[in-house]
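Here is how the chains run, residue by residue.
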Amino acid sequence: AERAEFADNAPARAADLYRTALQAAQSPVQALHARLFLARSLAEAGRPRDATAQYRRLLAPGLDVVDQQGIPLALYATSRLLEMGVADSAMLRCLQEATASDRWLPPPTLYLLRDLATDLVESAPDSVAQGAARRLVEDVSREISRTERAQALQQDFRGLGLHPLNGSGPSSRPEWALHGSPPWLAGMTSPGDGGDTIAVAVRSGPVLASLESGTASSRDVVGEVEVVSEARPDGEPLGPGFPGLAVRFAAPNGEGNAMVGTVRWWFYLAGLSLVIGVTLFGAYLLWRDVRREVELAATRSGFVSAVSHELKTPLSAIRMCAETLQMGRPAQPSARTEYLGIIVNESERLTRLLNNVLDFSKIEEGRKTYRREPRRLGEIVRVSARAMQYPLEQGHFTLHLEVDEDLPPARVDADAIEQAILNLLANAMKYSGDSRNIDLRLRAVDGEAVIEVADRGVGIEPAEQERIFERFYRVTTPTEDGVPGTGLGLTLVRHIAHAHDGRITVESMPGAGSTFSLFIPLEEAES
Ligand code: ADP
């Protein structure tokens, strides 16, 4: 069968031969070996289901049958099943039984067990099986560390200088010795009838625990208890069962105290730094707030004088025109029409200014509301352009209007949008410098409407572009000196944009002009 499997590379024929071998097996050991090889050749022959069934039958006998290295065949079967992607409770149980058995397992078996259990954690079908597999890994790991300690003890044993406990050696030599950490109590004994000498090792932890539970007074012990060799003066003999060993009690305020002191010192230092840090941070916040308040107070008072100034200019123009008309001058009808035009225009400017101030105070008090309804933005843009027609003409501006008529409606407060456009147009005029061209466009970009107001005027420094939307904020540059304003216009535009789930952006280059874009979401086009 092996020749067929390995030399001829004929797994199917090998499987038949292994099956014959299985039937002819003289002992369970032979049978299980034959089954292991049968399963392997079935898998190679492309019959995974049959292979799996055979491997499963190898799990049941457990650890009894081992190969030359002492590794149980059941573990090989588990390993192959895992490689084939099979993971179930029978396999877990097989590994659990292997770990829990009283039998001493050689290190290679333990390492294989740990590898298989780790694989099972990963391929376990559910969280319960996963938890069980994880516990199994812990158990096996504990067993491995004990075995490794036992191997280390075996190597060091001669160096411990022990002699048999019940032997007849000179009694001055130690009969127990400590080994490793946490310490094991190592001793040696030889049965009286001349049989082999046996090494004995006991973990000190359980010995101390049993001492504690067996002694009433030990409940009052505070601090640490450790096992030492009896040669040390600060130990109490461990008892007649453990000649040569003692227990030592370390009081809680013994050597450990220096360490505790250092820790406490560090703790105080950290606490102190924290307090100083928090105080400094608080002071910084306070200073920042105060500075802001001072700045705001300054801008507010600037705002009041700016508003008074803004009110005064149109009012005096209106008054002058009205008084001139009242006196019956000028005589020509064209001049009278012009005066009347100025009155209308300046009153409109006043209205816009007052609307801005009133809206701003509503916003500040949280009372500003918007009534949104489906409207065509093209219409609103045209109305706004018409409203600014007179001042534009007076300033000799040319307004280039481009409106995409196919835009679906948007849910907007028409008055608010108009106010925003008027503010942007008024700014474009104010900050146009020597240029006399302004663009007003409405188009759709990626499902949003964009209202763009572009001028070719003084432009805005990049550092100022974010700040111009802050309330009362005005750029102070030599070129804009003397341009009247309140610093509210863009604040309102931004508020209106946000209230419509939109946004306002600016693109600008000093000296080349600015483009303000007001984005407003469109209603879904109905199909
Ligand atoms: P106001 O125009 O009343 O000062 P705004 O809030 O409308 O207040 O504008 C804030 C600042 O933004 C203005 O002081 C101005 O410096 C700058 N700004 C606004 N629009 C433009 C523009 N089109 N071109 C250049 N600067 C502008």
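Structural notes, computed from the coordinates. This is a predicted model, so every value here is computed, not measured.

Within the protein, the regular secondary structure consists of 15 helices and 13 strands. Looking at the protein as a whole, 38% of its 527 residues are labelled buried. In the protein, 59% of the contacts between residues at least 6 apart in sequence involve partners at least 24 apart. Carbon together with sulfur atoms contributes 54% to the accessible area of the protein, which is approximately 30,900 Å² in total.

Overall, mixed pairing links the five strands, which are arranged S8-S10-S11-S13-S12 in an open sheet. At either margin of the open sheet sits one strand with a lone partner, and together these are strand S8 (398-403) and strand S12 (503-509). Here the average twist between neighbouring strands, direction ignored, is 15°. Of the strand pairs in this sheet, S12 and strand S13 (residues 513-521) are connected by seven bridges, and their pairing is antiparallel.

Spatially, S1-S2-S3 is the arrangement adopted by the three strands of the open sheet, whose pairing is antiparallel. The open sheet has two edge strands with one neighbour each: strand S1 (176-179) and strand S3 (198-203). Strand-to-strand twist across the sheet, computed as the mean angle between neighbouring axes with direction ignored, equals 30°. Sheet topology note: the strand S2 (residues 184-189)/S3 ladder contains six bridges and is antiparallel. What sits directly across from Ala186, in S3, is Ala201.

Attention now goes to helix H8 (residues 127-156). Across its 30 residues, H8 extends 43 Å between first and last C-alpha, which sits within 8% of the 44 Å expected from 1.5 Å per residue. Inspection of H8 places Ala129, Gly131, Ala132, Ala133, Leu136, Val137, Val140, Ile144, Thr147, Arg149 and Leu153 among the buried residues, and these make up the whole buried set. Close packing links the buried residues of H8 with helix H6 (89-100), helix H7 (107-123), S1, S2 and S3.

Core analysis: the biggest nonpolar cluster contains 51 residues, and Leu377, Ile417 and Phe516 have the highest contact counts within it. Considering each element in turn, this core owes the most residues, ten residues, to helix H14 (residues 414-430). In this view, Leu377 contacts Ala410, Val412, Ile417, Leu442, Ala449 and Leu522; residues no more than four positions away in its chain are not counted. Counting residues in each nonpolar core, the second largest holds 35 residues, with Leu73, Ala77, Leu110 and Ile144 among its members.

Here helix H11 (residues 333-365) crosses helix H15 (residues 489-499) at 55°, and the two axes come no closer than 10 Å. On the basis of their axis angle, the class for H11 and H15 is oblique. For H11 against H15, the interelement crossing comes out left-handed. Across from Asn356, Asp359, Phe360 and Ile363 in H11, the residues of H15 making contact are Gly489, Thr491, Leu492 and His495.

All told, the structure shown has 20 salt bridges when counted by the stated rule. The salt bridge involving Glu364 is made with Arg471; its shortest N-O contact spans 2.6 Å. Residue Glu364 is found in helix H11, and its partner Arg471 is found in the loop between strand S11 (448-455) and H15; the two are separated by 107 residues along the sequence. Residues joined in a network through salt bridges with shared partners are Asp439, Arg441, Arg443, Glu452 and Arg456.

The rules behind each value
- Residues numbered from 1 in each chain as written.
- Predicted model: local features only at pLDDT ≥ 70, side-chain atom pairs only at ≥ 80, totals over all residues.
- Heavy atoms only, no water.
- Helix = DSSP H or I, 4+ residues; strand = E, 2+ residues; numbered from the N terminus.
- Buried < 20%, exposed > 50% of the residue type's maximum accessible area, 1.4 Å probe, protein only.
- Contact = heavy atoms within 4.5 Å.
- Areas by Shrake-Rupley, 256 points an atom, 1.4 Å probe, with all protein chains shown as cover.
- Pairing = 2+ DSSP bridges.
- Axes fitted to C-alpha atoms, helices over the stretch in contact; angles between N-to-C directions.
- Expected span 1.5 Å × (residues − 1).
- Core = buried A, V, L, I, M, F, W, Y, C linked by side-chain atoms within 4.5 Å.
- Parallel < 35°, antiparallel > 145°, perpendicular 65-115°, else oblique.
- Left-handed = near helix turned anticlockwise from the far one by under 90°.
- Salt bridge = Lys/Arg side-chain N within 4 Å of Asp/Glu carboxyl O.

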